Amino acid sequence: MTSKLLLTFAICRLIVTVGLTVDPSEPLLGVDDQLSVDQFDVETASLDFGLLTRAEPMAVLHPGSAEDIARLVRAAYISSPGFTVSARGHGHSINGQAQTSNGVVIEMSGGSKGRRLGLRKLDKPQVSIKEKHVDVWGGELWIDVLRRTLEHGLAPKSWTDYLYLSVGGTLSNGGISGQAFNHGPQISNVYELDVVTGKGELWTCSEEENSELFHAVLGGLGQFGIITRARIALEPAPQRVRWIRVLYSNFSTFTRDQEDLISLHGNPYSQKFDYVEGFVIVDEGLINNWRSSFFSPRNPVKISSIGANGGVLYCLEITKNYDEATADTIDQEVEALMKRLNFIPSSVFTTDLPYIDFLDRVHKAELKLRAKGLWEVPHPWLNLFVPKSRMADVDRGVFKGILGNNKTSGPILIYPMNKSKWDQRSSVVTPDEDVFYLVALLRSALDNGEETQSLEYLTNQNHKVLRFCDDAGIKVKQYLPHYTTQEEWRDHFGDKWDQFSRRKMEFDPRHILATGQRIFNPPF
Ligand code: FAD
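Under an unreviewed UniProt entry, the name given to the chain is cytokinin dehydrogenase, and the source organism is Populus euphratica. On record in UniProt, under Catalytic activity (unreviewed entry), the comment for the chain is "N(6)-dimethylallyladenine + A + H2O = 3-methyl-2-butenal + adenine + AH2". Its UniProt record gives the chain the following Cofactor (unreviewed entry) comment, quoted word for word: "FAD".

Here you go:
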């Protein structure tokens, strides 16, 4: 069958499935030219970075405007029983969150075909130098936002570690990295959004205008609308970054230092690092780890030479930004801040690089892993927000317990954030303490004959970690959450569940959007 025939067949299937009433003088859905059933498009939309689930959509939409999206969602909304619509940013979810098998996936970021069919019509990011903000299409990748804003000497304030993610995708979750302690997550750095709701209505929303929709959509897991435009806060871009890593063998010293550094956020005049992260090293295998290249070849490090306590080391990762005006004082500023810390003295690793190279650091690691065939493998990732008061238990039970001395095929991140930087009106849920940690097990499953690196083994370990937290009464919240029953979702949202489901009734009453999250039952 030719692709044109396949497309007509898919649209007819949609119409028959959903019982759309068709005016023969009108195009079938109003966006027919941008719909595709091309095998490549459908296959791409069926998978994500996790490579753990597969769901084939009936068709894929390459939108050329927010109105195209509104037209498609309206068709889904007015038809009975309806079809589902899932926005797909860059497909970097783990558990099929952007997939749907009963409807249409909207390729917000698009590949080359997307650009040909629709996306080429979209505006490039529009920077306002005076207002220090940028307006971007919801499917724009953060790397492109950065490149564009840097042309004006500006940059967003809050980041993710990896920039090949879409603006709509990260704003649907939170968007965190080592700047979050100071600037809050990406969702705390948005002024305004354009959103297509589950009724197919296109609204502009902000703190002042349609604020309920604004707060619902931020961290809303795609449940209330599709973000077509976001206005993002900017700051003057630094030119260079001093990037430092130091090691600890004692967990409480490590976390005390991390917490001390993030407590400096409140005072705009106090010196502070611009980025605070960290990771756990539970084995000798620093290889195959995005974070490892830093240590070598100029700075080779062997854990055995450091003397890890119980086989586990902790690495604090910090940066200080600077530019020409501050280049003379950067050394003293860093030195003064380092004096606060209690790391192992012989374990200081420092590098210096342009700002964009620092922000885009994970992409370099991606290219290396791709070259070794280690990027497109299953990723049973688990991200937890853990209350500060229970981190010592997580160290004992998880890092030194469940994860033990297994070789890790991926980083284990651990860094604290200030809850005060998270707007409680958004849809995200965080633990009930002023400071909470991200604990991220970002492991790849490898088919290399090593049992401890197999998908089954890592998945079991994730379950064990969750069970351990549950049994120990550690009130964690999953970040990028994945649950399969509504009971689990209610539990996840806790006090916020009523508000979350009320917002769903208001903005997507027919449960059309982002069904891959498996929060609400689809309409059929
Ligand atoms: P998708 O996977 O395409 O979509 C995710 C969800 O958002 C889906 O439910 C989808 O329907 C919905 N969605 C997508 N676009 C829109 C839109 N325009 N409007 C409304 N809903 C939409 N996260 C961090 O916070 N910090 C990190 O440092 C970080 N690093 C990462 C590194 C890698 C290598 C990977 C794979 C992921 C990382 N993530 C990180 C997680 C990432 O932020 C989320 O998985 C994010 O959702 C991925 O964005 P995406 O554009 O690929 O979204």
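That shown, we press on.
We now examine the nonpolar core. Residues Leu72, Val73, Val104, Ile106 and Val217 are the most contacted members of the largest nonpolar core, which totals 72 residues. Tallying contributions element by element places helix α3 (residues 66-78) first for this core, with 7 residues. Beyond its immediate stretch of four places on either side in the chain, Ile106 contacts Leu61, Pro63, Ile69, Val85, Ala87, Arg88 and Ile226. In terms of nonpolar packing, the next biggest core, distinct from the first, is built from 53 residues, Tyr275, Val280, Leu382 and Phe436 among them.

This paragraph deals with the site of the ligand. The environment of the ligand is formed by 36 residues, the closest being Gly89, His92, Ser166, Gly168 and Gly169. At the level of elements, β3 (84-88), α6 (167-171) and β10 (225-236) are the ones that each hand at least two residues to the shell around the ligand. Class assignment of the residues belonging to the shell around the ligand gives a composition of 12 nonpolar, 21 polar and 3 charged.

Turning our attention to the sheet that holds β3. A sheet is described by the order of its strands in space; here 4 strands give the open sequence β1-β2-β4-β3, paired in mixed fashion. Among the strands making up the open sheet, the edge pair consists of β1 (35-36) and β3. Bridge count between β1 and strand β2 (residues 59-61): 2 bridges; the pairing is antiparallel. Within the sheet, the bridge partner assigned to Ser36 lies in β2 and is Val60. Contacting β1, β2, β3 and β4 (103-107), helix α2 (residues 39-46) runs over the sheet at an angle of about 90 degrees to β2. Across the face of the sheet, α3 comes into contact with β2, β3 and β4 while running at roughly 150 degrees to β3.

This part takes up the domain arrangement of the chain. A common way to report how large an interface is uses the accessible area buried once the components associate. If you check the domain split of the chain, you get domain 1 (3-119 + 513-517), domain 2 (122-236) and domain 3 (240-478). Centre-to-centre separation of domain 2 and domain 3, based on C-alpha positions: 25 Å. Contacts between the two partners involve 25 residues from domain 2 and, on the opposite side, 25 residues from domain 3. Those elements that place two or more of their residues in the side of domain 2 that touches domain 3 are α5 (142-150), α7 (180-183) and α8 (211-217). Sorting elements by how many residues they give to the side of domain 2 that touches domain 3 places α7 first, with 4 residues.

Further remarks concern the confidence of the model for the chain. Residues of the chain with pLDDT of at least 70 account for 87%, and the chain-wide mean is 90. Within the model, pLDDT remains below 50 along residues 1-6, and this stretch shows 4 contacts once partners closer than five positions in the same chain are excluded.

Turning next to the sheet that holds strand β15 (residues 382-387). Strand order across the open sheet formed by 8 strands is β14-β11-β13-β12-β16-β17-β15-β18, with antiparallel pairing between neighbours. Edge positions in the sheet fall to β14 (348-354) and β18 (477-478), since each of these pairs with one other strand and no more. Pairing between β15 and β18: 2 bridges, direction antiparallel. Bridge assignment links Phe385 to a residue of β18, and that residue is Lys477. Contacts from helix α11 (residues 330-338) reach β11 (240-248) and β13 (313-322) within the one sheet, and its direction differs from that of β13 by about 145 degrees.

Glancing now at unusual backbone geometry. With phi around 55 degrees, His511 is a residue other than glycine that occupies positive phi space. Looking at the element boundaries, His511 is found in the segment after α17 (497-507). The residue Ala514 is not glycine, and still its phi comes out positive at about 45 degrees. Structurally, the position occupied by Ala514 is in the segment after α17. Using a count of 28 C-beta atoms within 10 Å as the deciding quantity, one classes Ala514 as buried.

Attention now goes to the packing of helix α14 (residues 391-402) against helix α15 (residues 455-471). Two elements in contact, α14 and α15, have axes whose closest approach is 10 Å; the angle formed by their N-to-C orientations is 160 degrees. It follows that α14 is roughly antiparallel to α15 by the angle criterion. α14 and α15 meet at a crossing whose hand is right-handed. On the side of α14, the interface is formed by Gly397, Val398 and Ile402, while α15 contributes Gln461, Lys464, Val465 and Phe468. When grouped by side-chain class, the residues that make up the contact of α14 with α15 number 4 nonpolar, 2 polar and 1 charged.

Sheet faces and side chains relate simply in a regular strand, where the side chains alternate between the two faces. Burial runs high along β13: 10 of the 10 residues are buried. Alternating positions in β13 separate into two faces, Leu313, Cys315, Glu317, Thr319 and Asn321 on one and Tyr314, Leu316, Ile318, Lys320 and Tyr322 on the other, with burial throughout. Pairing geometry for β11 and β13, over 9 bridges, is antiparallel. Opposite Leu247, over in β13, you have Cys315 as the bridge partner. With 7 bridges connecting them, strand β12 (residues 275-281) and β13 associate as antiparallel partners. Of the residues in β13, the one forming a bridge with Val276 is Ile318.

Each value, and the rule that gives it
- Here, residues in each chain are numbered from 1, in the same order as that chain's written sequence.
- Only residues with pLDDT of 70 or above have their local features reported here, since the model is predicted, and side-chain atom pairs are shown and tallied only from 80 upward, although totals for entire chains, interfaces and linings are computed over all residues.
- UniProt positions are given in the numbering used here, feature names are shortened, and annotations may be inferred rather than shown by experiment.
- Put simply, a nonpolar core is buried Ala, Val, Leu, Ile, Met, Phe, Trp, Tyr and Cys residues tied into one set by C-beta atoms within 7 Å.
- Any residue with 12 or fewer other C-beta atoms within 10 Å of its own C-beta is exposed, any with 20 or more is buried, and the rest are partly exposed; the C-beta atoms used are placed from the backbone.
- Helix and strand assignments come from DSSP, with helices taken as H or I runs of at least 4 residues and strands as E runs of at least 2, each series counted from the N terminus.
- Our contact criterion uses C-beta atoms placed from the backbone: two residues qualify when those atoms are within 7 Å.
- Nearness is defined per residue: the C-beta atom, placed using the backbone, must lie within 6 Å of the molecule or strand.
- By the convention adopted, Pro, Cys, Tyr, Trp, Phe, Met, Ile, Leu, Val and Ala count as nonpolar, Lys, Arg, Asp and Glu as charged, and the other residues, Gly among them, as polar.
- For two strands to pair, DSSP has to find at least two bridges joining them.
- In this analysis an axis means a line fitted to C-alpha atoms, helices contributing only their contacting stretch, and an angle means the value between N-to-C directions, from 0 to 180 degrees.
- An automatic or database domain assignment is the source of the domain bounds shown.
- How sure the predictor is of each residue is captured by pLDDT, a score from 0 to 100.
- Orientation categories follow fixed angle ranges, with anything under 35 degrees roughly parallel, anything over 145 roughly antiparallel, 65 to 115 roughly perpendicular, and all other angles oblique.
- Handedness of each helix crossing follows the sense of rotation of the near helix against the far helix: counterclockwise by less than a right angle gives left-handed, clockwise gives right-handed.

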